[in-house]
Structures are given as structure tokens and as C-alpha cells.
Number of protein chains: 2
Amino acid sequence: MRIDRHPRGVFVPALTPFQRDLAVDAERFVTHCKSLLDEGAGGLAVFGTTSEANSLSNGERMHLLDLLIAGGVAAGALMPGTGCCALPDTVALTRHAVAHGAFGVLLLPPFYYKSVSDDGIYASVAEVIQRVADARLRIYLYHIPPMAGVGFSLPVIERLLKAFPAVVVGIKDSSGDWNHTRAMLEAFPGFEVFPGSETYLLDALRRGGAGCISATANVNVAAMQRLVETWMTPAADTLQAQLSAVRAAIQRFPLVSANKAILADAQSAPGWNVVRPPLRPLSAEATAELLRSLASLEFVLRKTPVTA
Amino acid sequence: MRIDRHPRGVFVPALTPFQRDLAVDAERFVTHCKSLLDEGAGGLAVFGTTSEANSLSNGERMHLLDLLIAGGVAAGALMPGTGCCALPDTVALTRHAVAHGAFGVLLLPPFYYKSVSDDGIYASVAEVIQRVADARLRIYLYHIPPMAGVGFSLPVIERLLKAFPAVVVGIKDSSGDWNHTRAMLEAFPGFEVFPGSETYLLDALRRGGAGCISATANVNVAAMQRLVETWMTPAADTLQAQLSAVRAAIQRFPLVSANKAILADAQSAPGWNVVRPPLRPLSAEATAELLRSLASLEFVLRKTPVTA
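Here the structure is a predicted model, which means the values were calculated and not measured. (Residues numbered from 1 in each chain as written. Chains lettered and ligands numbered in written order. Predicted model: local features only at pLDDT ≥ 70, side-chain atom pairs only at ≥ 80, totals over all residues. Heavy atoms only, no water.)

**Here's the deal with the side chain of Gln225 of chain B**
Residue and element names in this part refer to chain B. The residue Gln225 is located in helix α9 (residues 217-230) in this model. Looking at Gln225, the relative accessible area reads 9%, which means it is buried. Within polar-contact distance, the side chain of Gln225 engages the backbone nitrogen of Gly42 at 3.4 Å. The residues contacting Gln225, other than those within four sequence positions of it, are Gly9, Val10, Gly40, Ala41 and Gly42. (Helix = DSSP H or I, 4+ residues; strand = E, 2+ residues; numbered from the N terminus. Buried < 20%, exposed > 50% of the residue type's maximum accessible area, 1.4 Å probe, protein only. Polar contact = N/O pair within 3.5 Å; in protein donor to acceptor, adjacent residues only side chain to side chain. Contact = heavy atoms within 4.5 Å.)

See below:
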């Protein structure tokens, strides 16, 4: 059913750094992305929820993708998020990503209208595929109902796989519901399922999962990638327990701001704390509590200061 | 507290017609908007939920606004929706609307991230106001939690009114919760509160409400406007009951597609039925049922065929 092999492992929804005036800090973004690949990331799912992608204009997204590639990041390591509310926007971003050689795109469903029909969600994806009209297009569906308010049901996925078997190749499942992830792994052999949290990484790998795409990979990608490489060894359960403990410590706080606070501390770069509204930076108290709880865990973040 | 008087009455979130290939049908849009004003609409809240605005690119929205004004619609009758997920998009659309003389903008909060803080919502609006930096800017908040998944709490509104009394002048309340509408009418005298449904029009007018902004005004604006003009007469309750019955008959179906189906029938213009995904057109069966139920009510839609 699949026409080629795709990258697997841990994909990082890379954080987008901002300057004090809320402009994108492009230089820090490129540095961060390259550092994640240096640490062993299987690829970069840039422009996801953790990237505050929906707080960026389309122009900003396309410019950052251009800069990444110009900066030496292999386009084949990129799975940019391109799903918007409006079909013309999704088509424009998807075309741009494909034209630049991204190996796939991560596609949110249109997420403004709620309680839409399966037929409407199917039509949304089908229109994108037909309008982009490029044999290189590979789509990873982005299922994150807690944030988007709409998602991809199993019947919709089945219908898409039947109609577009060479295009719709995988999914990021950020439902937070392992039963849903498992149901997809069982129902669609060969479909590349990435849980949206490393909490389910070992369980997914044991059932044929492709890896994970996780917010906290921004600060813990090396350990996650180690599990991908050693999941068949006896040490796997211990490593999974360590990963889960770190994840649990971080996700007690809003994920984007918490990841940024960790990098701000590790790199002595307070600028990392800037987020675009409606998100807010972590408070000093919450940051101290987060760092304290991480200090007691098996968690090693490279302390290299990158920029001040 | 208010520095000037604003238009009041029934504002129509004008439907956006599409061609078969899903391109905007600009000519039909301009014709529809002018016809709504001819029928007595107090103004046009173009680019709202009913307009499928979040299914349009920013370029499409700006182009349509340009065409409306070029086509002879008074800019002072326009309250375009300009709230997007991304701050740069909201700022661009808002600047464009203000520069073109719109009397106000209808501002959705950024609606991708859920469970955001009041502080984050406040900052979102404050950033828009500071970046647009135009004394002509008048903001109507767009509160529609069932669709957006986020809204404007009373404490946020209070804070905005205190910080920006000349800018934040009103709200469209599409919560569907009359108690919430009433709470705002009582808490913020002078704040222009528009219920998002004519079901609450008379109740709102009796408590100082500014009118309503309703999806079904696309097909029933004349009757709604009549209530605005006669709400202090003995006939008001009867007229409200008629409006509520029509609204109830239509909102048994998905509102955008149902309004389009009614216009398609009235104008013998099947092209009106086209919606962009994720919405879907009303089925033939549902359309027949809808038209049957309207036929038994006090509902008169001008039957003028406009374009085929």
C-alpha cells in the first residue's frame, strides 16, 4: 500500500521563539531546529500546536521554512504543519512545503466550525489533495480534538486511506486517549501512527507505531530517541518510566510556556519565555516549581548557552 | 463614556456565496449585501460565522470589502469580522477595515488554543488596539463559545472597558445564554450588546440592548428591523413570537447551509447552496422539510430572482 519508506522516530514540534516585541526570532528558531536534529531527532514537525503555528501568519510560516532550508536543515527532515481553517490557506502552505521538498505535511482539519460531519472533514482533506495536485504530497493527519475541537474519526480515516492510499500516510494522535491510538494501529496496518505524547511511545512501538511527535521533545528528544533505538531491549521499560515521569512533571504546566521556560533556564536566555497571546509566559513561581521537580528526575538537558 | 453614537438595529452577518469551484462569487455577494440594506438592515456584520469568514483567506476578505465599498455600500454601515487566530492577521484585517471607514470591527478572540487565561484574552485584544493605533478604531467583541471554544468573560470585558473605553464599545453575544446577555446589559450600561439571535431581540431592546446580529437576518431582516422600530408598541410581543418561530424552524438545521438553501429557493439560484468544506450543503430532503415548515409560518422572503 505504501509507495515508499518514510522517516520514523521522534519528531519535534519545534518551539517558535519570539523577540520582546512579539516578532519571530528567526535566528534562534533556526539554531533551535538544528540543535534538535544534532541531538538525534528523527525529524521536525515544525508549525504544530507547540510551535504556536496558529499564532503565526502564513507569510511568517513560509518565511521560516525558507530560512530553515537556507540555514542547512534538510528539507527531507521536515513535516510542517499546514492545516488552517480556510482551504486557500491550507492549499498555499501545503504547496509551499511540497515545493520545498518537505517529506510530509501535518494537517489539522479546519477547526473553526464545530460539530461538522465526517463528510465535511473528508471533503476538506480531499479538496486539499486535489488542489495541491502534486505526486510528492504526503499527508499526516493531525488529530488533536482537545485543542482543535474537531478531529478525524476512524471512518473518515478509512475513507481517506481508500481514496488516497499514496497520499494519506499517517497520523499524529494527540487525543491523549491510548485506546484511540491502539484502535488505529490495529485497524490500519502500515498507517504511520505517532502518539502525541512520549507517555505512549513504548506501547506504540510495540504495536507497530512509527514513533512519537511530542511537545516535550523540545527539551528531551535525546532520551526519547534512545527509546526508539532500544525498545526491544530489557532496559526499555525503565527508560519509558523515566520519559513518562519527565513528561508528567512538565505537563502539570501549560506545555508551550513550560518548554520555553526550561530552554530559557538551560540556555540562560530569558528571551525564550516570550509567547504570543493568547498564551502567557510561565510565572516566576511556576518556573521555579517546574525546574525543582525536573531536578529530581532523570532529565538531562544540554546546558549550552546558545544566545543570551 | 462613549465618544459618539453608533448605528443600532439589526446587523446581518451576510452569507458569502461561492461558485461551483468554491471560488467566492463576488458579484452575488455585493448584490446580496445591497439587497439586505435595501430591506432595512441597520448594517452588515460581514465576515462572521454565518459568512464562512474563517473559510476565507485574508486576501479574499479584504478584496470583498473593497468590492462592497466600490459597489456603493456605505463603509459606515459595515462591521466586518477581523478576529483571527494569529495576531498579525487580526491586525492586518483590522487596519484594512478601519482604513476603509468601517464604523467598527467584530473581533473573535484567538480561537485555536483552549483553556487560555483571562489575562491571555485581554492581552490579545490590547495588542490589536496598540498595533492598529488608530483613533477611529471601534471594537465589538465577538463572544461565541459554542463555536470558538473560547470567549470573553465578564471580568475581561470590564478590564477592557476600563483600559480602552473609547475603543471597546460593544459585543455580539452568541452564547445562546440569555442570562449571560442580561448580565452584560446590567453590568455595563452604555456598552452596546447585540444578542446573536433574534430570539432575544425584544428582551434585549427592553433592557437597553442595541439590536441583534443574527444569521437568519440573511432571510428575515425586514421583520426583525420592524421589531426594532416598534418594540414599544403593543404589537411587539406578537412580532417577537413570529420571529422566534421562524428562527426555531431554521435552526433545526445547520444555520449556514439552511440560510443558503432558503435563498437558493427564493431566488431560483441553486448556486447559493455551495458552501466551503468543512460545511456541507443541505440535502434535498432537509431542504424540502425546511421550506415546508417555513411555509406554515409568518415568513415572507422577497421572491425576486436575482441571478440564476
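After that view of the structure, there is still more to cover.
**Notes on the interface of chain A and chain B**
Contacts between the two partners involve 39 residues from chain A and, on the opposite side, 39 residues from chain B. In this assembly, chain A packs against chain B so that about 3100 Å² is buried in total across both faces, 65% of it on carbon and sulfur atoms. For chain A, the biggest contributors to the area lost against chain B are Tyr112, Tyr113 and Pro278 of chain A; these three give 26% of the whole. Taken together, the links from chain A to chain B amount to two salt bridges. Close ionic contact of Arg280 of chain A with Asp119 of chain B constitutes a salt bridge, the shortest N to O distance being 3.3 Å. Looking at the side of chain A that touches chain B, the elements with two or more residues in it are α3 (87-99), α4 (118-132) and α5 (145-148) of chain A. Here the side of chain A that touches chain B gets six residues from one element, more than from any other, and that element is α4 of chain A. Partitioning the side of chain A that touches chain B into residue classes produces 22 nonpolar, seven polar and ten charged. (Buried area = accessible area lost by both parts, 1.4 Å probe. Salt bridge = Lys/Arg side-chain N within 4 Å of Asp/Glu carboxyl O. Nonpolar A, V, L, I, M, F, W, Y, C, P; charged D, E, K, R; others polar.)

**Some thoughts on the nonpolar core**
Among the nonpolar cores identified, the biggest contains 224 residues, and Tyr112 and Leu141 of chain A together with Val46, Tyr112 and Leu141 of chain B are the most heavily contacted of them. Every residue in contact with Tyr112 of chain B, bar those within four places of it in the chain, is listed here: Thr49, Asn54, Leu108, Phe111, Tyr142, Ile144, Met147 and Ala148 of chain A together with Cys85 of chain B. (Core = buried A, V, L, I, M, F, W, Y, C linked by side-chain atoms within 4.5 Å.)

**Structural notes on the relation of the copies chain A and chain B**
Note that the two copies of the chain are related through a rotation about an axis and a translation along the same axis. Relative to chain B, chain A is turned by 180° and slid 0.0 Å along the rotation axis, the superposed coordinates differing by an RMSD of 0.0 Å. The transformation just described matches what one would write down for a two-fold rotation axis. An overlap of 100% is found between the interface residues of chain A and their copies at the interface of chain B, pointing to a shared contact surface. (Least-squares fit on C-alpha atoms with pLDDT ≥ 70 in both.)

**Some words on helix α12 (residues 284-295) of chain B**
Residue and element names in this part refer to chain B. Look at α12: 16 Å from first C-alpha to last across twelve residues, which is about the 16 Å you get at 1.5 Å a residue. By the burial criterion, the buried members of α12 are Ala286, Thr287, Leu290, Ser293 and Leu294. In a view along the axis of α12, the buried residues occupy a sector of 135°, so they form one face of it. Exposed positions of α12 whose direction lies more than 90 degrees from the buried face are Ala284, Glu285, Arg292 and Ala295. Where α12 is buried, its residues meet α10 (236-250) and α11 (255-266). (Expected span 1.5 Å × (residues − 1). Arc of directions from axis to C-beta.)

**Points about empty space enclosed by the protein**
Per the stated rule, a full pass over the model turns up seven cavities of 30 Å³ or more. Approximately 100 Å³ is the volume found for the largest cavity. Around the largest cavity, the lining is made up of 13 residues, and of these Cys84, Thr90, Pro110, Ser124 and Val128 of chain B lie nearest the centre. Counting residues per element, the ones that place at least two in the lining of the largest cavity are α3 (87-99) and α4 (118-132) of chain B. Examining the composition of the lining of the largest cavity, we find that three residues originate from one element, α4 of chain B, more than from any other. For the lining of the largest cavity, a count of residues per class yields eleven nonpolar, two polar and no charged. Of the volumes computed, that of the second largest cavity is approximately 90 Å³. Lining the second largest cavity are 13 residues, and of these Cys84, Thr90, Pro110, Ser124 and Val128 of chain A lie nearest its centre. Mapped onto the lining of the second largest cavity, the elements with two or more residues apiece are α3 and α4 of chain A. (1 Å grid on protein atoms, 1.4 Å probe; cavity = no way out; pocket = protein on both sides within 12 Å on 5 of 7 lines; lining within 4 Å. Points joined across faces, edges and corners; volume = space filled by probe spheres on them.)

**Focus: the sheet that holds strand β2 (residues 43-44) of chain B**
All names here are of chain B. Read across the sheet, three strands follow the order β2-β1-β7 without closing on themselves; strand pairing throughout is parallel. Because the sheet does not close on itself, it has two edges, and the strands there are β2 and β7 (211-213). Where strand β1 (residues 9-12) meets β7, three bridges bridge the pair, whose relative direction is parallel. Bridge pairing in β7 places Phe11 opposite Ile213. Docked against the sheet, α9 engages β1 and β7, running at close to 170° with respect to β1. (Pairing = 2+ DSSP bridges. Axes fitted to C-alpha atoms, helices over the stretch in contact; angles between N-to-C directions.)

**Observations concerning the pattern of salt bridges**
This structure, assessed with the given rule, holds 18 salt bridges over all chains. A salt bridge links Arg252 of chain A to Glu289 of chain A; the shortest N-O distance between them is 2.5 Å. You can see Arg252 of chain A sitting in the loop between α10 (236-250) and α11 (255-266) and its partner Glu289 of chain A sitting in helix α12 (residues 284-295), a full 37 residues away along the chain. Judged by its relative accessible area of 52%, Arg252 of chain A is exposed. Given the relative accessible area of 32%, Glu289 of chain A is considered partly exposed. In this structure, Glu60 of chain B and Arg276 of chain B form a salt bridge, with 2.8 Å as the shortest nitrogen-oxygen distance. Here Arg276 of chain B lies in the loop between α11 and α12 and Glu60 of chain B lies in helix α2 (residues 58-70), a separation of 216 residues in the sequence. No difference in accessibility class separates Glu60 of chain B from Arg276 of chain B, as the two residues are buried. The network of salt bridges with common partners includes Asp119 and Arg159 of chain A together with Arg280 of chain B.

**Examining the environment of Thr90 of chain B**
All names here are of chain B. Looking at the secondary structure, you find Thr90 in helix α3. Taking the C-alpha atoms as reference points, Thr90 and Ser124, separated by 34 residues in sequence, lie 9.7 Å from one another. Those residues in contact with Thr90 that lie beyond four places of it in its chain are Thr82, Gly83, Cys84, Leu107 and Val128.

**What about the packing of aromatic side chains?**
Throughout the structure, instances matching the rule amount to 21 aromatic pairs over all chains. Relative to Phe194 of chain B, the ring of Tyr140 of chain B has its centre 6.0 Å away and its plane inclined at 70°; by these criteria the two rings are edge-to-face. Of this pair, Tyr140 of chain B sits in strand β4 (residues 139-143) while Phe194 of chain B is found in strand β6 (residues 192-195), placing the two residues 54 residues apart along the sequence. Residue classification places Tyr140 of chain B among the buried positions, given a relative accessible area of 0%. Ring-pair connections join several aromatic residues into one group, and the members of that group are Phe111, Tyr112 and Tyr113 of chain A together with Phe111, Tyr112 and Tyr113 of chain B. (Phe/Tyr/Trp six-rings, centres within 6.5 Å; stacked < 30°, edge-to-face > 60°.)

**Focus on the state of the cysteines**
Counted under the stated rule, the structure contains zero disulfides over all chains. Cys33 of chain A takes part in no disulfide bond, and the closest cysteine sulfur, belonging to Cys212 of chain A, lies 17 Å away. On the basis of relative accessibility, which here comes to 0%, the residue Cys33 of chain A falls in the buried class. We note that Cys85 of chain B lacks a disulfide partner, and the nearest cysteine sulfur, in Cys85 of chain A, lies 5.2 Å from it. (Disulfide = S-S within 2.5 Å.)

Geometric values such as these leave the question of function open.
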